[in-house]
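A structural walkthrough
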Amino acid sequence: MRRYSLPLVLALGAAGLAYARGPLDLTWNITPLAVGVVALLAAATLPNPRPWTVGIVLVVWGAAVLLVREGPLPGREAPVYMVALGLALLVAQVVADGRGDGVVKGAALTMLSSGALFYAAFDVPELTRWWVVAAGLGAAAVVEFARSSRGR
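Figured I'd write up the structure that's included with this text.

Rules and cut-offs
Residues numbered from 1 in each chain as written. Predicted model: local features only at pLDDT ≥ 70, side-chain atom pairs only at ≥ 80, totals over all residues. Heavy atoms only, no water. Helix = DSSP H or I, 4+ residues; strand = E, 2+ residues; numbered from the N terminus. Buried < 20%, exposed > 50% of the residue type's maximum accessible area, 1.4 Å probe, protein only. Polar contact = N/O pair within 3.5 Å; in protein donor to acceptor, adjacent residues only side chain to side chain. Expected span 1.5 Å × (residues − 1). Arc of directions from axis to C-beta. Patch = residues over 30% accessible without salt bridge, like charges linked within 9 Å, V, L, I, M, F, W, Y side chains within 5 Å. Areas by Shrake-Rupley, 256 points an atom, 1.4 Å probe, with all protein chains shown as cover. Salt bridge = Lys/Arg side-chain N within 4 Å of Asp/Glu carboxyl O.

Quick look at the side chain of Thr 45 now. Among the structural elements, Thr 45 can be located in the loop between α2 (31-43) and α3 (50-69). For Thr 45, a relative accessible area of 17% puts it in the buried group. Reaching out from Thr 45, the side chain makes a polar contact with the backbone oxygen of Ala 42 at a distance of 2.6 Å.

Quick look at the structure:
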């Protein structure tokens, strides 16, 4: 069962995000933090540090998004995000504790893809829909399930 824990957590996260949008009336700004929490829960099921890096980067950046867009730091997006991502890299390196060959690569890919999607959402409002975020996590669950099944 442990081999399927990552896709299971991702699928549950996708369902949770799809469900939470309605009753909780969450704003788009919580997306990085919510996806980061799902990634951290998924990482907790695995022995390697790569998923921890993804979760840490998204949670710390997600907190920065909320601080800027809905909190006390309006108008300071770039410096707050830079500080948050630097902090995320430091925390990810500590969590990796010597097993961190993929920490920088995982963090860089997370920052690149997340930043590109966040940027594109300004021009493509469909990207801010919760079903799109949930579908992305669902697709990741399918990919991870296929990867886990190959390992038999």
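The next point concerns helix α5 (residues 103-120). Counted at 1.5 Å a residue, the expected span for α5 with its 18 residues is 26 Å, and the 25 Å between its end C-alpha atoms agrees. Here α5 has its buried residues at Val 103, Gly 106, Ala 107, Thr 110, Ser 114 and Phe 118. Looking straight down α5, one finds its buried side chains confined to an arc of 95°; they lie on one side. Summarising the geometry of α5, the exposed residues directed more than 90 degrees from the buried face are Val 104, Lys 105, Leu 109, Leu 112 and Tyr 119.

A cluster of nonpolar side chains, namely Leu 87, Val 91 and Val 95, defines an oily patch on the protein surface of about 200 Å² accessible area. Relative to the assigned elements, Val 95 resides in helix α4 (residues 77-96). Classification of Val 95 by relative accessible area gives partly exposed; the value is 31%.

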